[in-house]
Each structure stands twice: as structure tokens, then as C-alpha cells.
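Spelled out from the first residue to the last, the chains are:
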Amino acid sequence: MEVGARVWVPVSIAETRVSKRFDCIPSGTLYPNADEIEYLQRLVKYKDYAILVLNKPPKLPVKGSMPVHNSMDALAAAALSYDYDEGPKLVHRLDRESSGLLLMGRTKESINHLHWLFNDLNTAKSSCKAWNDACDAKFQRFWALVIGTPKENEGLICAPLSRILLDDGKTERVILAQNVGLEPSQEAMTEYRVLGPTINGCSWIELRPLTSRKHQLRVHCAEALGTPIVGDYKYGWFVHRKWKQMPRVDIEPMTGEPYKLRRPEGLDVQKGSVLSKVPLLHLHCRELVLPNIAKFLPVLNKKTETLPPAFSAKPDLLRFVASMPKHMKISWNLMSSYLV
């Protein structure tokens, strides 16, 4: 070697000082740029020392795998650690195509308690009555646009679900359990409420899952109610094929006059909305209510029998509401004259 010669060192050696919080990030997103970090941080609706709450955009997978680089857990670990050594961790899931409120834990203790909170088997009670009451009050509310309208304006769906493999041996699908004892099933319950009249062959409904099963809301809408969610081609493909996405003559409930779809000037309805040729999935986690875990952690960790004075003034519950993604906003503006 001579003075001034250049030596090329492999990245695996040159980057040994990279913080361990980046270890789990696939190479595609190992170093999010400044714009990506700023975008991710804009998704954060709430942050304290125990949790993060984000408004997840559609088409962003929550949990990554080898072929998936840009997943929410990987991006959050890289860009949302803030002053912590490690990034936040997932405590529940949203489908890749859906959007809305997503909760992540920031500490090992909060992650453990939040996993318990979202587990359908969380029957054990704490010695802290306020915590137990707050856990009982926890819920999620989703808004969805469905093809058709349920027979009843509101109700409770109690329909167990099973998972099956299709003929290719790889593709998994969730179906209503047939109760014949041939395949395992899981209890699944969903409360629903119709938000308004049928417009253009579709209805807005509110969904409140009482259990946490994979694709629960999509299967309950498609198979239990017979009204698949707009943009859900996995469970509502047959209905989508028959559904004519054309303006129809619907009657306004107040005036009795024919209803006309709104088309505001300059509004591009071909962005995945209800009038586009291939609508995106219209399923959004709009509201989340959960215990204020940052308040209760000292008691749950057995560090104290009573809440410290500084924590007692904090609310027992946290409530969040997330705005809809662009394609659902367009559909809402086109159809929402008489929604309650």
C-alpha cells in the first residue's frame, strides 16, 4: 500500500457503530431519509413515555416479512424511537389495505400490558379497580362503506371463524365456521350500526369488534351480513362483479326527491373512491378508546399500591379519532348528505 491509497471496506464493517435499534430494519428501509422520517412522524397523533398512536395510511403493511421492506413495524423502529434506544413495537394489527388508528408500545412493560389488553383471553383482574374499569371501557370503532345494506339497522354478529387453505396449498382464507367439527374455529363477535340510507347501491356502517380475529370485520360484512366492503376483492369479489358502479336513482329521506351524487368542482373521483373503476378498500379504524397506561404503570408494575399524586390527576381513559384517508373522504363527500 502507498500513502493516499483508498481502501474500500464492506458496509457490515464500516457501520458497526449503527445503533442496535436499526438491526431489525430490512435493507430497503435501513436508512429512511429526512422526508420519510418527517412523513412518519406526521402520522403520530399521540405520544407519551409508554405508547404511540398513529393514523396508518392504506396499503402500508403493519408487519413486515422478508419480501416486505416498508412495513410499519420496520419504519417505526427506524424513525419513531425519538429519545429511546429502541423503536416502538406493535401490540395489535390492521390489515394492509385498511387504515386508521394503530397503537404501539414504547417500553417492555407497556408492551406486555397492551398485549394482554388486546388478547381475547384477558379475564384476570388487577387489584386496581380504576384500571379494571378502564379496561372494560376499551373499544375500537371502524367505519366502512359496504355494497348493499344490512337487513337490520343495527345488531350483533356472533359468527365463529375458521381458517382454510385453498387448493394451491399456500393461500389462506378466513370463512364462517360450519360447525361440523372438521376444522378448528374461533369465536368472533361484532356490533354494527347503519349510519345512513343506501346511496348508489352502498351504505356507510359503523363496526365495533368485540373480539380480535384476522379479517373478522371483512368476513362478517361479506358473509354474515351479505354486504361486502367496497374494495374488498378477497371476500367480496363475486358481489363486486355484479355491482354496477353507476349513478342510481335513490330517494332522499327528507324531501322524497331523487338523490344526485355530489361532484364538487375539481374533485378527482378516480382516486380509489366509490366511483373509480377499482376502488380501494373502504375500511377505517376511526375511533380508539383505551386505558391511560402511562398513568397505571406504577401500580401495574407493583412499584406502589396507590397512584402517585402526579399521576392521579391524569384521565383514566384516552380517546382518539382519526380522519379518513383521501379515497374514503372523496366517497364520503359524494354520498354523505344524510348521514347520522
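Above this note sits the structure.
Residues numbered from 1 in each chain as written. Predicted model: local features only at pLDDT ≥ 70, side-chain atom pairs only at ≥ 80, totals over all residues. Heavy atoms only, no water.

A. Seen up close, helix α5 (residues 129-136). Within α5, burial applies to W131, N132, A134 and C135. Within α5, the buried residues cover an arc of 165° as seen down the axis, which keeps them to one side. The exposed set on the far side of α5, more than 90 degrees from its buried face, consists of K129 and D136. Looking at the buried side of α5, the elements it contacts are α4 (108-117), β13 (283-291), α8 (293-300) and β14 (317-321). (Buried < 20%, exposed > 50% of the residue type's maximum accessible area, 1.4 Å probe, protein only. Helix = DSSP H or I, 4+ residues; strand = E, 2+ residues; numbered from the N terminus. Arc of directions from axis to C-beta. Contact = heavy atoms within 4.5 Å.)

B. Main features of the nonpolar core. Counting residues in each nonpolar core, the largest one holds 64 residues, and the members touching the most others are I51, L54, L103, L114, L207 and L283. If one sorts the elements of this core by residue count, α8 sits on top with 6 residues. Excluding residues within four positions of it along the chain, L207 makes contact with Q140, R141, F142, A144, T190, E191, Y192, L217, C221 and L283. Core analysis: the second largest hydrophobic core is formed by 16 residues, L145, I199, W204 and V274 among them. (Core = buried A, V, L, I, M, F, W, Y, C linked by side-chain atoms within 4.5 Å.)

C. Examining the packing of α4 against α8 more closely. Between α4 and α8, the shortest axis-to-axis distance is 11 Å and the interhelical angle comes to 100°. Classified by the interaxial angle, the pair formed by α4 and α8 is roughly perpendicular. Counted together, E109, S110, H113 and L114 of α4 and I293, L297 and L300 of α8 form the full contact between these two elements. Partitioned by chemical class, the residues of the contact of α4 with α8 number 4 nonpolar, 2 polar and 1 charged. (Axes fitted to C-alpha atoms, helices over the stretch in contact; angles between N-to-C directions. Parallel < 35°, antiparallel > 145°, perpendicular 65-115°, else oblique. Nonpolar A, V, L, I, M, F, W, Y, C, P; charged D, E, K, R; others polar.)

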